[in-house]
Amino acid sequence: MLLLVSLASMGQGSKDYVAMLFSLDGEGVYTREGKSENLMVPQNFLKGDKILLSSGTATLMLFSGDEVNLKANEEYTVSSSTGTGGESEKSSTFQSVSELIDEDHERISQRNAAYKVRGAFSAVKAFPSLSGLIDGSYAEVVLNVDVNAGFQLSLEVYDQGTDELVWKLDRITAKEVSLKDVDFVPGESYYWSLKARDVLDIGIINVWTDEKKSELKKFAFNEKIDYLTAYNCYKEQGLMYDARHVLKLAIRKYPESDLFEYLLENLEIPD
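Only a predicted model underlies this, so the values are computations on that prediction, with no experimental measurement involved.

Asker: Give a detailed account of the pairing of strand β1 (residues 19-32), specifying residues and quantitative values.
Answerer: Alignment of β1 against strand β3 (residues 43-45), held across three bridges, turns out to be antiparallel. Directly across from L21, in β3, lies its bridge partner Q43. Of the pairings in the sheet, the one linking β1 to strand β4 (residues 50-62) comprises twelve bridges and is antiparallel in character. Looking at β4, one finds that S23 is bridged to T59. Bridge analysis of β1 against strand β2 (residues 35-38) gives four bridges, and the strand direction is antiparallel. Each residue of the ladder has a partner; that of R32, found in β2, is K35. From the end of β1 to the start of β2, which pair antiparallel, there are two residues, and E33 there has a positive phi angle of about 50 degrees.

Right, here's the structure in full:
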């Protein structure tokens, strides 16, 4: 399910967050400046915030990338945690993701309001609208609607330079449409076209050259923060297919970590 949070608890603006709630299996509250709010994922915390679970367990990630496991009826006071040396990249990742949580929530709220105003059919979109591409074997176009909504959808991929059709799926039967069978050429640009009776949405794919791919940082996935670091890097580089792929790998390895699911579902909300 989509993990959304209230504006009261998440619309906190730019602050010096030092921890975030990574997973929650139970219930509880956090207290800041005498005011208490229910816990939910995702949630950012400041130094001095007090967290108390009334039931279950939770995992907190600190600014350094370290994790704290919380138990019911044990109050935890959030303390400052700053990374140095080898932890500096983890700290940078934490700050970027904590800011992204606030930004994504604002974007989701505005998008949901817009969809309520527009008709359902006119709101049929797909993700991503613009992306670089490293490896087409795991690239997927993701629809924001139920494919059994009463109308037939198709997807076509064209060479952007020549407008030549290079691949077509006549009938979409799932919300995730794999592009693994498209013969992408490094250094070339393409666009996909989502259609019913008319064109509903278009997205651009810029395939990276082998030289550009070789310059991209390689990641070793040993802990949760490593997946967040890769996700953040790929997203900043405009590699949306790769950012999504990393989150799917993280969910497979850490199915209990609600934050990965939140980031994935919010990443897929079309522009």
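From this point, the discussion proceeds with the structure in view.
Asker: Tell me about the packing of aromatic side chains, residues and numbers included.
Answerer: The relative placement of two aromatic rings is captured by the distance of their centres and the angle of their planes. Applying the stated criterion to the full structure yields ten aromatic pairs. Note on Y30 and F45: the rings are 5.3 Å apart at their centroids and 85 degrees apart in plane angle, and the pair reads as edge-to-face. Taken together, the residues span a long stretch of sequence, with Y30 in strand β1 and F45 in strand β3 at a distance of 15 residues. With respect to class, Y30 is no different from F45; both count as buried. Ring geometry for F221 versus Y227: centroids 4.6 Å apart, planes at 25 degrees, classification stacked. Judged by its relative accessible area of 27%, F221 is partly exposed. Among the residues examined, Y227 registers a relative accessible area of 7% and is labelled buried. By way of ring pairs, the aromatic residues F22, F219, F221, Y227, Y234, Y254 and F260 are connected into one cluster.

Asker: Please set out the confidence of the model for the protein residue by residue, giving values where relevant.
Answerer: Chain-level pLDDT for the protein is 83 on average; 80% of the residues reach the 70-or-more range. The secondary-structure element of the protein with the lowest mean pLDDT is helix α1 (residues 7-10), recorded at 35, while strand β11 (residues 165-169) shows the highest, at 98. In this model, residues 108-122 is a region of pLDDT below 50 whose contacts with residues beyond four sequence positions or in other chains number 19 contacts.

Asker: Please provide a residue-by-residue account of the nonpolar core, values included.
Answerer: Among the nonpolar cores identified, the biggest contains 53 residues, and F45, I51, L60, F260 and L263 are the most heavily contacted of them. No other element matches helix α4 (residues 224-236), which puts seven residues into this core. Filtering out sequence-adjacent residues up to four positions away, L263 remains in contact with V97, L100, L228, Y231 and L247. With 24 residues, the next largest nonpolar core counts V141, V145, V177 and I205 among its residues.

Asker: Talk me through helix α5 (residues 240-253); I want residue IDs and the actual numbers.
Answerer: The first and last C-alpha atoms of α5 sit 20 Å apart over 14 residues, in line with the 20 Å expected at 1.5 Å per residue. Regarding α5, the residues found buried are M240, Y241, D242, A243, R244, V246, L247, A250 and I251.

Asker: So what's going on with the sheet that holds strand β8 (residues 130-133)? Residues and values would help.
Answerer: The five strands are arranged β8-β14-β13-β10-β11 in an open sheet whose pairing can be described as mixed. The sheet is open, and its two edges are formed by β8 and β11, each paired on a single side. Going across the sheet, the axis of each strand differs from the next one's by a mean of 20 degrees, ignoring polarity. Pairing geometry for strand β13 (residues 189-195) and strand β14 (residues 199-207), over seven bridges, is antiparallel. Bridging across to β14, L194 finds its partner in D201. Sheet strands touched by α5: β8, β13 and β14. Its angle to β8, the strand with the most contacts, is close to 80 degrees.

Asker: Explain the environment of Y138 residue by residue, including any values.
Answerer: Within the element layout of this structure, Y138 appears in the loop between β8 and β9 (140-143). Y138 sits 103 residues away from Y241 along the chain, and the two C-alpha atoms are 7.7 Å apart. Polar contacts involving the side chain of Y138 include one to the side chain of D242, which spans 2.3 Å.

Asker: Could you give an account of the sheet that holds strand β7 (residues 126-127), with specific residues and numbers?
Answerer: In spatial order, the strands read β7-β9-β12; together these three strands make up an open sheet with antiparallel pairing. With one partner strand each, in any of the chains shown, β7 and β12 (176-178) form the two edges of the open sheet. Alignment of β7 against β9, held across two bridges, turns out to be antiparallel. Opposite A126, over in β9, you have L143 as the bridge partner.

The rules we used
- Residues numbered from 1 in each chain as written.
- Predicted model: local features only at pLDDT ≥ 70, side-chain atom pairs only at ≥ 80, totals over all residues.
- Heavy atoms only, no water.
- Pairing = 2+ DSSP bridges.
- Helix = DSSP H or I, 4+ residues; strand = E, 2+ residues; numbered from the N terminus.
- Phe/Tyr/Trp six-rings, centres within 6.5 Å; stacked < 30°, edge-to-face > 60°.
- Buried < 20%, exposed > 50% of the residue type's maximum accessible area, 1.4 Å probe, protein only.
- pLDDT = per-residue confidence, 0-100.
- Contact = heavy atoms within 4.5 Å.
- Core = buried A, V, L, I, M, F, W, Y, C linked by side-chain atoms within 4.5 Å.
- Expected span 1.5 Å × (residues − 1).
- Axes fitted to C-alpha atoms, helices over the stretch in contact; angles between N-to-C directions.
- Polar contact = N/O pair within 3.5 Å; in protein donor to acceptor, adjacent residues only side chain to side chain.

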